[in-house]
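Geometric and topological summary
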Amino acid sequence: MTSVSLINGVNFINPTKCIFHPKRDYFSFNISYTRTKSKTSEIQMRIKQSRITTVAAGNQEIDLTDPCWKPKFQEDFDSRFNLPHLKDVLPLKPRPTTFSLKNRNAQLVNGANVLADRKNGYVNEDDRALLKVGLWERATWCPKRWFGVKDIQTSSAVIKYSSPTSAGAECIDPDCSWIEQWVHRAGPREEIYFEPREVKAGIVTCGGLCPGLNDVIRQIVFTLELYGVKKIVGIQYGYRGFFDPGLAEIELSREVVQNINLAGGSLLGVSRGGADISEIVDSIQARGIDMIFILGGNGTHAGANAIHNECRRRKMKVSVICVPKTIDNDILLMDKTFGFDTAVEAAQRAINSAYIEARSAYHGIGLVKLMGRSSGFIAMHASLSSGQIDVCLIPEVPFQLEGPYGILQHLEHLIETKGSAVLCVAEGAGQCFLDKTNSTDASGNVRLGDIGVYLQQQIKKHFSGIGIPADVKYIDPTYMIRACRANASDAILCTVLGQNAVHGAFAGYSGITVGICNSHYVYLPIPEVISSPRAVDPDSRMWHRCLTSTGQPDFT
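One structure accompanies this document, and this report is about it. Worth saying up front: this structure is predicted, and the values here are computed from it rather than measured. (Residues numbered from 1 in each chain as written. Predicted model: local features only at pLDDT ≥ 70, side-chain atom pairs only at ≥ 80, totals over all residues. Heavy atoms only, no water.)

With that out of the way, let us pick up the sheet that holds strand S18 (residues 364-370). Consider a sheet: its strands pair through backbone hydrogen bonds, and that pairing is either parallel or antiparallel. Taken in spatial order, the 4 strands of this open sheet run S19-S20-S18-S21, and their pairing is parallel. Among the strands making up the open sheet, the edge pair consists of strand S19 (391-393) and strand S21 (471-475). Between one strand axis and the next, the sheet turns by 15 degrees as a mean value, whatever way the strands run. Sheet topology note: the S18/S21 ladder contains 5 bridges and is parallel. Considered in S21, the bridge of Gly366 is made with Lys473. In this fold helix H11 (residues 451-465) packs onto S18, S19, strand S20 (420-426) and S21, with an angle of close to 165 degrees to the strand it touches most, S18. (Pairing = 2+ DSSP bridges. Helix = DSSP H or I, 4+ residues; strand = E, 2+ residues; numbered from the N terminus. Axes fitted to C-alpha atoms, helices over the stretch in contact; angles between N-to-C directions. Contact = heavy atoms within 4.5 Å.)

Pasting the structure below:
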């Protein structure tokens, strides 16, 4: 049996067998709905009934015929995104925070020195941010002002999808029902689980270089000192620094890191791979480290999660906090990762050079290869921002070289009509055309073939074969776009990520990463962001915008 309520002409069906959660389901009460029968034809009803009734979402399979599928889905989501905490395995009691910006001196209250009740922007433990947006804001208009509904959180980016076929739609069921996905909001808490003056904190940067590493290191140190931490060390050259006896800790302080953001690279150095997890945890224990901040990508996060689990197994009071670092922007659930904006900006110089070379030569063709092992975000955004690219190739979208729908045929058309062409290719694109290397790097990644060199050779060979001269210039700025200082946008992102990493550690969390999701800074469990690399959706609006900009056809 179901109860039906009518709000503003919209039917909301609430199965009486399902428990209505007043906080979690309050907003969905106004969003999830089914249209009246009078507005749905019999044909549409039959189509609905013929749709698949079970779908896979996250780590669970959903039976859409179950009237309680939605609360079950949300319960599973809440469980997966619950943050690991030190008090889960240790009998810890919190203490008032030492982090304060408006008044750093203790005040005399009722004869005792205590922290006064100050409005310093503390985040409540129950605060949540929407992981994804798919709603409209419900508000009432009055002269000169708007009055929003109390306790409803909204976002500046609001979309209500009417169909799963809408561009960019991410729907779980055929009706695009509103599913709330709330995650923990990042920021300082009123209570902390460490005595700051007893804390020894460590920072390590792993993987490859990325613009903004020094910015994050700098802000972690600044924020730790605001809490009152005196012992801060840097671990040199990634996980290697935990077990290599020749790599000593670097003592860090505000004086040491004050100006490191003015240079690219990492003050601590980087390296790929690492030692046995047990060996790393032994080192952490021997050094007396209470908080470890790990900056890196997917592989580094996987290592950090293993370190967290081992510390948890040993019941060690160690907080393991990650900050996602990759210019590829391929971390799941994040709006973007630091270094990405800078890499896209740095790629403009290479693309502009290729454009000038192509335009200045007779039948000139410029070819630029950019980073992007499994995700083409850099190539896509660099192509969009430059406005000079005729063909953009990314790993997520297959393509053909030969034939009437191939790239070579399109290049012929461009040379004939424009007199020149510029291509941008991500390093992971077109690997099916290349021989497999059967080797891996220190991180376990398969070594890719050079698609840039291959395309250059094939383009030259093709135009030579048809008797048309072509001047092909190949530019590979691979390491140039990451070995540079962070731009203003990334510097701000790095600043906030570094600060929130420290807030998360003092709040007692461990095995988490900090990121920006749906324009808000949040904490996420590490396993949820490393299940697979984030990739460009070929059906997304952004990829369609890129195609509109380049004017390229479908090469499949």
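Turning our eyes to something else, we now look at the side chain of Asn500. Here Asn500 shows up in helix H12 (residues 488-506). Exposure remark for Asn500: the relative accessible area of 7% places this residue in the buried category. If near-sequence neighbours (up to four positions away) are discounted, Asn500 is found in contact with Ala186, Gly187, Val514, Tyr521 and Tyr523. (Buried < 20%, exposed > 50% of the residue type's maximum accessible area, 1.4 Å probe, protein only.)

Under the 1.5 Å per step criterion, the end-to-end length of helix H8 (residues 340-360) is 30 Å for 21 residues, consistent within 8% with the ideal 30 Å. Among the residues of H8, those classed as buried are Phe340, Thr342, Ala343, Val344, Ala347, Ala350, Ile351, Ala354 and Ala358. (Expected span 1.5 Å × (residues − 1).)

Grouped together as the largest cluster of nonpolar side chains are 70 residues, with contacts concentrated most on Ile203, Leu224, Met291, Phe293, Phe338 and Phe506. Excluding residues within four positions of it along the chain, Phe506 makes contact with Glu191, Ile192, Tyr193, Phe194, Pro196, Leu224, Tyr227, Val229 and Met291. By size, the runner-up hydrophobic cluster in this structure holds 23 residues, among which are Val391, Leu401, Leu411 and Leu423. (Core = buried A, V, L, I, M, F, W, Y, C linked by side-chain atoms within 4.5 Å.)

In this section: the environment of Phe81. Along the chain, Phe81 falls in the loop between helix H3 (69-80) and strand S5 (95-96). A C-alpha to C-alpha distance of 6.5 Å links Phe81 and Leu524, two positions 443 residues apart in sequence.

Counted according to the given criterion, the structure contains 8 aromatic pairs. For the pair Tyr509 and Tyr523, a centre-to-centre distance of 5.9 Å together with 55 degrees between the ring planes defines the contact as tilted. Remark: Tyr523 occurs in strand S23 (residues 520-525) and Tyr509 occurs in the loop between H12 and strand S22 (512-517); sequence separation between them is 14 residues. Overall, Tyr509 belongs to the buried group, its relative accessible area being 3%. Accessibility expressed as a relative area gives 1% for Tyr523, which makes it buried. (Phe/Tyr/Trp six-rings, centres within 6.5 Å; stacked < 30°, edge-to-face > 60°.)

This paragraph deals with the packing of helix H6 (residues 277-287) against helix H7 (residues 298-313). As a packed pair, H6 and H7 sit with axes 9 Å apart at the nearest point and diverge in direction by 65 degrees. For the pair H6 and H7, the crossing hand works out as right-handed. Together, Ile277, Ile280, Val281 and Ile284 of H6 and Gly303, Ala306, Ile307, Glu310 and Cys311 of H7 make up the contact between the two elements. For the contact of H6 with H7, the residue count by class is 7 nonpolar, 1 polar and 1 charged. (Left-handed = near helix turned anticlockwise from the far one by under 90°. Nonpolar A, V, L, I, M, F, W, Y, C, P; charged D, E, K, R; others polar.)

By the criterion of burial, strand S14 (residues 231-235) is predominantly enclosed, with 4 of the 5 residues buried. In this fold, the crossover linking strand S13 (residues 200-205) to S14 by way of helix H4 (residues 213-227) has right-handed handedness. Examined bridge by bridge, S14 and strand S15 (residues 250-251) share 2 bridges and lie antiparallel to one another. Paired with Gly234 across the bridge in S15 is Ile250. (Right-handed = clockwise from strand over helix to strand, strands pointing away.)

What follows concerns empty space enclosed by the protein. By the definition in use, this model includes 1 cavity of 30 Å³ or more. The wall of the largest cavity is formed by His85, Leu86, Val89, His308, Cys311, Arg312, Met316, Val318 and Ser510. Class assignment of the residues belonging to the lining of the largest cavity gives a composition of 5 nonpolar, 3 polar and 1 charged. (1 Å grid on protein atoms, 1.4 Å probe; cavity = no way out; pocket = protein on both sides within 12 Å on 5 of 7 lines; lining within 4 Å. Points joined across faces, edges and corners; volume = space filled by probe spheres on them.)

The subject of this paragraph is the sheet that holds S23. In spatial order, the strands read S8-S11-S23-S22-S17-S16-S13-S14-S15; together these 9 strands make up an open sheet with mixed pairing. Of all strands in the sheet, those bounded by a partner on one side alone are strand S8 (128-130) and S15. Of the pairings in the sheet, the one linking S8 to strand S11 (residues 182-185) comprises 3 bridges and is antiparallel in character. Considered in S11, the bridge of Arg128 is made with His184.

H11 packs onto helix H10 (residues 407-417) with a crossing angle of 65 degrees between their chain directions and a minimal axis gap of 11 Å. Helix-helix and strand crossings are classified by hand; for H10 and H11 the assignment is right-handed. Contacts between H10 and H11 involve Leu408, Leu411, Glu412 and Ile415 on the former and, on the latter, Gln458, Ile459, His462 and Phe463. For the contact of H10 with H11, the residue count by class is 5 nonpolar, 2 polar and 1 charged.

Moving on to unusual backbone geometry. Its identity is not glycine, yet Asn329 carries a phi of approximately 60 degrees, on the positive side. Mapped onto the fold, Asn329 is located in the loop between strand S17 (319-324) and H8. A residue is classified by how much of its surface remains accessible, and Asn329, at 2% relative accessible area, is buried. A positive phi angle is found at His363, which is not glycine, with a value near 55 degrees. By the secondary structure assignment, His363 is in the loop between H8 and S18.

Let us now look at the pattern of salt bridges. As enumerated under the stated definition, the model contains 16 salt bridges in all. In this structure, the salt-bridge partner of Glu528 is Arg80, at a minimum N-O distance of 2.7 Å. Within this pair, whereas Glu528 is found in helix H13 (residues 526-529), its partner Arg80 is found in helix H3, the two being separated by 448 residues in sequence. Residues Glu528 and Arg80 agree in their burial class; the two are buried. Of the charged contacts, one joins Glu310 and Arg314 as a salt bridge, the two residues approaching to 2.8 Å between their closest N and O atoms. The class for Glu310 is buried, based on a relative accessible area of 14%. Note on Arg314: relative accessible area 23%, which makes it partly exposed. Overlapping salt bridges, with partners in common, bring together Asp282, Glu310, Arg313 and Arg314 in one network. (Salt bridge = Lys/Arg side-chain N within 4 Å of Asp/Glu carboxyl O.)

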